[in-house]
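Observations on chain architecture
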Amino acid sequence: MKKALITGVTGQDGSYLAELLVAKGYEVHGLIRRSSSLNTNRIDHLYADPHRPDTRFFLHYIDLTDSSALARLVSKINPAEIYHLGAQSHVRVSFDLPEYTGNVTGLGTVRLLEAIRETGVNCRFYQASSSEMFGRAVEVPQTEKTPFCPRSPYGAAKVYAYWMTVNYRESYGVYACNGILFNHESPRRGETFVTRKITRGIADLLSDKIDKIYLGNLDAKRDWGFAPEYVDAMWRMLQQDTPEDYVIATGEAHTVREFVTEAFRLVGVTDWQKHIGIDPEYFRPSEVDVLQGDASKAKRQLGWEPKVRFKELVHIMLEADLKAAGLEGRLVGK
């Protein structure tokens with residue numbers, strides 16, 4: 001049975017990837033940070049009794065700042081594939097915590113790559129790179145050849161992790177890939193990210209829990225895809241004969257304003273402006289105006305292309321949040 005190790009397994013992508021790999025017959029090991037409260041709601045349905053012989057999903061309490069613990073775990077598990085998704089992944093928060101973001105998001109990647117090199121484990125490594133690396137992009141759409149120009153501590157840390165992944169591939173022969181994923185969302189998206197703030201906020205508005213949804217820059221333009229499809233692309237990258245880097249995106253860009261408009265349209269509200277407040281706290285010190293990817297290489301070499309498009313994505317997310325709030329049947333649009 002093939003073994004896989006996933007950092008960031010409790011997050012949106014980690015949970016979908018764990019489901020995918022278990023379904024493919026993998027034995028899956030996930031890293032989780034020790035804290036006073038568990039944050040395993042996205043993976044509780046996978047976690048079973050470790051004493052049962054049919055259990056194929058295991059959790060390990062290790063932090064990405066602990067290099068020796070990472071090396072011991074990699075040696076113990078001896079995984080065939082490592083998917084490095086763990087990070088401080090909130091762009092706005094990275095401005096408030098730049099050192100922490102660099103330590104976890106940037107150096108955390110190096111610690112894991114060093115664990116592979118030092119233990120000599122023969123595995124394939126996936127690095128979760130980000131469209132935020134492009135920042136003030138010099139071209140639209142962005143491809144694997146577009147120069148990086150990060151506009152946040154998060155983007156800068158991801159650029160460092162990207163190039164260290166390339167370095168270990170070229171210097172030490174590690175099978176290492178960078179997946180440059182553009183924004184990807186789902187009902188499991190964290191509630192502090194703008195898309196969930198909108199869809200959950202609408203559910204709260206309809207439940208009379210709040211009067212307004214407070215957002216930041218409505219004109220920011222992003223390439224939004226569906227997370228379960230994007231984790232499939234991660235897996236495909238590690239099944240190739242040679243390791244390469246790939247952009248994963250839909251090729252379409254929409255503003256936050258368009259997301260808000262579409263979400264409110266689905267519940268029959270056209271005058272959404274009175275339900276939205278703008279809070280300067282949510283603006284970044286330096287904005288990224290447009291991120292739009294070209295995934296032609298992934299389509300050509302991986303056989304991957306997105307199926308869920310923008311309006312369907314909004315529908316999926318809003319329907320899930322309305323259902324969670326006991327508001328089934330409130331969708332009036334398609």
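Structural data are supplied above this passage.
Throughout, residues of each chain are indexed from 1 in the direction in which the sequence is written. With the structure being a predicted model, the display of local features is reserved for residues of pLDDT at least 70 and the display and counting of side-chain atom pairs for 80 or more, all residues being used for whole-chain, interface and lining totals. Note that water and hydrogens are dropped before the side-chain values are worked out from all heavy atoms of the structure.

Observations concerning the pairing of strand E6 (residues 175-181)
Two faces, one strand: in a regular strand the side chains alternate between the faces of the sheet. Of all the 7 residues making up E6, 7 are buried; the element is thus mostly covered by neighbouring parts of the structure. Residue burial is assigned from relative accessible area. The probe radius is 1.4 Å, only protein chains are included, and a residue is buried under 20% of its type maximum, exposed over 50%, and partly exposed in between. Secondary structure elements follow DSSP: runs of H or I no shorter than four residues count as helices, runs of E no shorter than two count as strands, and numbering proceeds from the N terminus. Side chains Tyr175, Cys177, Gly179 and Leu181 of E6 all project onto a buried face; the interleaved residues Ala176, Asn178 and Ile180 project onto the opposite face, where all are buried too. For two strands to count as paired, DSSP must find a minimum of two bridges between them. Relative to E6, strand E5 (residues 124-130) is paired through 7 bridges, and the arrangement is parallel. Counted as the bridge partner of Ser130 is Leu181 from E6. Crossover handedness is defined here as right-handed if the route from the first strand over the helix to the second strand goes clockwise, with the strands pointing away from the viewer. Following the backbone out of E5, through helix H5 (residues 153-172) and into the adjacent parallel E6, one traces a crossover that is right-handed.

Brief notes about the pattern of salt bridges
In what follows, salt bridge is the name for a side-chain nitrogen of Lys or Arg lying within 4 Å of a carboxyl oxygen of Asp or Glu. Per the stated rule, a full pass over the model turns up 18 salt bridges. In this structure, Arg117 engages Glu114 in a salt bridge whose closest nitrogen and oxygen atoms are separated by 2.6 Å. Here Arg117 pairs with Glu114, and both are found in helix H4 (residues 98-119), just 3 residues apart, close to one helical turn. What emerges from the salt-bridge pattern is a single network uniting Glu191, Arg196, Arg200 and Asp321.

Focus on the side chain of Glu132
On the secondary structure map, Glu132 appears in the loop between E5 and H5. When sequence neighbours within four positions are dropped, the list of residues in contact with Glu132 reads Val91, Pro150, Arg151, Ser152, Tyr154, Gly155, Arg222, Arg284, Val288 and Leu291. What makes two residues a contact is simply this: any of their non-hydrogen atoms within 4.5 Å.

Regarding the environment of Gly277
Positionally, Gly277 belongs in strand E13 (residues 276-278). For the pair Gly277 and Tyr162, spaced 115 residues apart in sequence, the C-alpha to C-alpha distance is 36 Å. Contacts of Gly277, omitting those with residues within four sequence positions, involve Lys212, Ile213, Tyr214 and Leu215.

With respect to the packing of aromatic side chains
What counts as a ring pair is set by centres within 6.5 Å for rings of Phe, Tyr and Trp (its six-membered ring), and what kind of pair is set by the plane angle: stacked under 30 degrees, edge-to-face over 60, tilted for all other angles. Counted under the stated rule, the structure contains 11 aromatic pairs. Relative to Phe259, the ring of Trp224 lies with its centre 5.3 Å away and its plane at 70°, an arrangement referred to as edge-to-face. Of the two residues, Trp224 sits in the loop between strand E9 (221-222) and strand E10 (225-226) while Phe259 sits in helix H8 (residues 256-265), which places them 35 residues apart along the sequence. Of the two residues, Trp224 and Phe259, neither departs from the other in class, the shared state being buried. Site record: aromatic cluster; members linked through ring pairs are Phe134, Phe148, Tyr162, Trp163 and Phe182. Sitting over the face of the ring of Tyr172, Arg117 holds its NZ or CZ atom 5.0 Å from the ring centroid. Whether a charge sits over a ring depends on NZ of Lys or CZ of Arg being within 6 Å of the ring centre and within 35 degrees of the ring normal. Between the NZ or CZ atom of Arg189 and the centre of the ring of Phe193, over which it lies, the distance is 3.9 Å.

A look at the sheet that holds strand E4 (residues 81-84)
Taken in spatial order, the 7 strands of this open sheet run E3-E2-E1-E4-E5-E6-E11, and their pairing is parallel. Looking at strand neighbours, the two that pair on one side only are strand E3 (57-61) and strand E11 (246-248), the edges of this open sheet. The mean angle between the axes of side-by-side strands here comes to 20°, regardless of whether they run parallel or antiparallel. Relative to E11, E6 runs parallel, the two sharing 3 bridges. Across the sheet, the residue bridging to Leu181 is Ile248, located in E11. Docked against the sheet, H5 engages E5 and E6, running at close to 155° with respect to E5. Against the sheet, helix H7 (residues 227-237) makes contact with E4, E5, E6 and E11, and its axis sits at roughly 155° relative to E6, the strand it touches most. To define axes, lines are fitted to C-alpha atoms, for helices over the stretch in contact only, and angles between the resulting N-to-C directions are given on a 0 to 180 degree scale.

So, H5
Counted at 1.5 Å a residue, the expected span for H5 with its 20 residues is 28 Å, and the 28 Å between its end C-alpha atoms agrees. Among all positions in H5, only Tyr154, Gly155, Ala157, Lys158, Val159, Ala161, Tyr162, Met164, Thr165, Val166, Tyr168 and Arg169 are buried. As for H5, its buried residues are in contact with helix H3 (91-96), H4, E5 and E6. The span one expects for a helix is its residue count, reduced by one, times 1.5 Å.

Points about helix H6 (residues 194-206)
Along an α-helix, residues three or four apart share an orientation, since each turn contains 3.6 residues. An ideal rise of 1.5 Å per residue puts 18 Å on 13 residues; H6 measures up with 18 Å between its terminal C-alpha atoms. The buried count for H6 comes to 10 of 13 residues, which makes it a mostly enclosed element. Thr195, Arg196, Lys197, Ile198, Thr199, Gly201, Ile202, Ala203, Asp204 and Leu205 are the residues of H6 that are buried. On the buried face of H6, the contacting elements are strand E7 (184-185), strand E8 (213-215), H8 and helix H10 (310-324). At the C-terminal side of H6, Asp208 shows a positive phi close to 60°.

Concerning the environment of Leu322
Secondary-structure assignment places Leu322 in helix H10. Leu322 gets classed as buried once you look at its relative accessible area, which sits at 2%. The sequence separation of Leu322 and Leu302 amounts to 20 residues, and the corresponding C-alpha distance is 35 Å. Beyond its immediate stretch of four places on either side in the chain, Leu322 contacts Ala203, Leu206, Val267, Leu327, Glu328, Arg330 and Leu331.

On their own, these measurements won't tell you what the molecule is for.
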